[in-house]
Amino acid sequence: DGGITQSPKYLFRKEGQNVTLSCEQNLNHDAMYWYRQDPGQGLRLIYYSQIVNDFQKGDIAEGYSVSREKKESFPLTVTSAQKNPTAFYLCASSTRGTQETQYFGPGTRLLVL
Amino acid sequence: KNQVEQSPQSLIILEGKNCTLQCNYTVSPFSNLRWYKQDTGRGPVSLTIMTFSENTKSNGRYTATLDADTKQSSLHITASQLSDSASYICVVSPRGGSYIPTFGRGTSLIVHP
């Protein structure tokens, strides 16, 4: 059963805490992406990776970090430096090349306590 | 700056009626345009993709059109169903450069029985 999964579905963060969002895909896609979605706004790109052990900053990378140690995994860490982390986070993957159709995971909603 | 503008912001229609959503973009040079459907609290799912040479593409009751000269696209939904209630997002990818797609803010469609 191929697809892209994200966990957890909901995540709560305390002030000053780092949290990590998981994203896994078994589609054998080279490229993976992280987006942030806020109400009434379009998706904004946080980070993307087109190959293992390489990634680039998107439009709003400040306060976030990623790693790409395995082709199927692209975790996102929301650090304490991100002052407004409450949002819906979406992970996507595609065959190599950001022009290809992106397949999205179900999303993680992050809330600050 | 690359931009994608969608209208209307929201739309309410009765079940069985048709509707048309609009997308204007300034992305240049143009590579392709996609329409995604996003159910509340879920990840977007691709409906159609069109390249420069295509001016219409259908997927069941969904028909997308593209006028690359005027940089406009539309998504027409025929005989709407309650399950069509969702946000519809227009995404435009550039040719060359970073290849990063630009997302519109989406049109929120509500279909009432």
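Look a little higher up for the structure.
Here we summarise the structure given alongside this text. (Residues numbered from 1 in each chain as written. Chains lettered and ligands numbered in written order. Predicted model: local features only at pLDDT ≥ 70, side-chain atom pairs only at ≥ 80, totals over all residues. Heavy atoms only, no water.)

## Focus: the overall build of chain B
Then comes step 1: When helices and strands are counted, chain B shows zero helices and 11 strands.
Then comes step 2: Along chain B, from the amino end to the carboxyl end, the secondary structure elements read β-β-β-β-β-β-β-β-β-β-β.
Then comes step 3: The C-alpha radius of gyration computed for chain B amounts to 14 Å, which stays within 12% of the reference 13 Å derived for 113 residues, consistent with globular compactness.
Then comes step 4: If you line up chain B on its principal axes, its C-alpha atoms span 45 × 25 × 20 Å.
Then comes step 5: Among the 113 residues that make up chain B, the fraction classed as buried is 44%.
Then comes step 6: Relative to all contacts within chain B whose residues are 6 or more apart in sequence, the contacts with residues 24 or more apart total 55%.
Then comes step 7: Taken as a whole, chain B presents about 5,600 Å² of accessible surface, with 49% of it coming from carbon and sulfur.
Then comes step 8: In chain B, 10 positive and 7 negative side-chain charges are present, and the distance between their average locations comes to 5 Å. (Helix = DSSP H or I, 4+ residues; strand = E, 2+ residues; numbered from the N terminus. Rg over C-alpha atoms; globule rule 2.2 N^0.38 Å. Buried < 20%, exposed > 50% of the residue type's maximum accessible area, 1.4 Å probe, protein only. Contact = heavy atoms within 4.5 Å. Areas by Shrake-Rupley, 256 points an atom, 1.4 Å probe, with all protein chains shown as cover. Lys, Arg positive; Asp, Glu negative; His and termini not counted. Charge placed at Lys NZ, Arg CZ, Asp CG, Glu CD.)

## Looking at the sheet that holds strand β3 (residues 19-25) of chain B
All names here are of chain B.
Then comes step 1: Strands sit in the order β1-β3-β8-β7-β6 across an open sheet of five strands; the sheet is antiparallel. With one partner strand each, in any of the chains shown, β1 (4-7) and β6 (56-59) form the two edges of the open sheet. Direction aside, neighbouring strands of the sheet carry axes that sit 15 degrees apart on average.
Then comes step 2: Across four bridges, β6 lies against strand β7 (residues 62-67) in antiparallel orientation. Residue pairing in the sheet places K57 in a bridge with A64 of β7. (Pairing = 2+ DSSP bridges. Axes fitted to C-alpha atoms, helices over the stretch in contact; angles between N-to-C directions.)

## Some thoughts on the interface of chain B and chain A
Then comes step 1: Taken together, the contact between chain B and chain A spans 22 residues of the former and 19 residues of the latter.
Then comes step 2: Buried surface at the junction of chain B and chain A, both sides included, amounts to about 1,500 Å², of which 52% is carbon and sulfur.
Then comes step 3: Of all residues in chain B, the largest losses of buried area upon contact with chain A belong to I100, F103 and R105 of chain B, amounting jointly to 31% of the total for that side.
Then comes step 4: Across the contact surface, chain B and chain A share zero salt bridges.
Then comes step 5: Linking chain B with chain A are three residue pairs in polar contact (both at pLDDT 80 or more), by the criterion used here.
Then comes step 6: Contributions of two or more residues to the side of chain B that touches chain A are made by β4 (30-38), β5 (45-51) and β9 (86-94) of chain B.
Then comes step 7: By residue number, the principal contributor to the side of chain B that touches chain A is β4 of chain B, which donates five residues. (Buried area = accessible area lost by both parts, 1.4 Å probe. Salt bridge = Lys/Arg side-chain N within 4 Å of Asp/Glu carboxyl O. Polar contact = N/O pair within 3.5 Å; in protein donor to acceptor, adjacent residues only side chain to side chain.)

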